[in-house]
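# Tertiary structure, described
Take a look at the letters that make up each chain.
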Amino acid sequence: MQSDLSKAKWRTSRFSGNGASCVEVAVLRGRDAGVPNKADEEFVVALRDTKNRDREPQVFTVSEWDAFLAGVAEGDFSSASLIAGHQGVAVV
């Protein structure tokens, strides 16, 4: 099942600079996302790479997206915390 993204309104972070090294997000109705296990969701969040917009986006439920954003806000996904999770890698 292919996504119909023709009506998606993609947003890019204002921190992305020229937009070449960033991701874009869009909110879609679950039934329009093209992901069978998310078709019953009222809304889903689609995520795509700005450099490769023809690739199929990753799709998350609103609760999955909110959990990810909460982790970002708490620093769970900072480069320092990700690198620190690898044994033998020093974080400076």
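Throughout this description, residue numbers start from 1 for each chain and increase along the sequence as written. Predicted model: local features are reported for residues with pLDDT of at least 70 only, side-chain atom pairs are reported and counted for 80 or more only, and whole-chain, interface and lining totals are derived from all residues. The basis for the side-chain values is all heavy atoms of the structure; hydrogens and waters are excluded.

Time to look at the confidence of the model for the protein chain. The quantity called pLDDT is the predictor's confidence in a given residue, expressed from 0 to 100. A residue-level look at the protein chain finds 86% of positions with pLDDT of 70 or above and a mean pLDDT of 83. Summarising per-element confidence for the protein chain, the mean pLDDT is lowest in helix H2 (residues 79-84) (82) and highest in helix H1 (residues 62-73) (95). Only DSSP runs of H or I reaching four residues or more are called helices, and only runs of E reaching two or more are called strands; each is numbered from the N terminus.

This paragraph deals with the sheet that holds strand S4 (residues 58-61). By definition, two strands form a pair when at least two bridges between them are found by DSSP. Pairing is antiparallel across the open sheet formed by 4 strands, whose spatial order is S1-S2-S3-S4. Edge positions in the sheet fall to strand S1 (11-12) and S4, since each has one partner strand and no second. Relative to strand S3 (residues 43-49), strand S2 (residues 23-29) runs antiparallel, the two being bridged by 7 bridges. In the strand pairing of S3, valine 23 is matched with aspartate 49. The contact criterion used throughout is that any non-hydrogen atoms of two residues lie within 4.5 Å. Geometry is summarised by axes, namely lines fitted to C-alpha atoms with helices restricted to the contacting stretch, and by angles between N-to-C directions that run from 0 to 180 degrees. Across the face of the sheet, H1 comes into contact with S2, S3 and S4 while running at roughly 95 degrees to S4.

Here the focus is the side chain of arginine 48. You can see arginine 48 is positioned in strand S3. The exposure class assigned to arginine 48 is buried, which follows from its relative accessible area of 15%. At a separation of 2.6 Å, a polar atom in the side chain of arginine 48 contacts the side chain of glutamate 24. Ignoring any residue separated from it by four or fewer positions in sequence, one finds arginine 48 in contact with Trp10, Cys22, Val23, Glu24, Arg53 and Pro57. Buried, partly exposed and exposed residues are distinguished by accessible area as a fraction of the type maximum, computed with a 1.4 Å probe on protein chains only: under 20%, between the cut-offs, and over 50%, respectively. Here a polar contact means two N or O atoms within 3.5 Å. Within protein one must be a hydrogen donor candidate and the other an acceptor candidate, and residues neighboring in sequence count only if both atoms are side-chain atoms.

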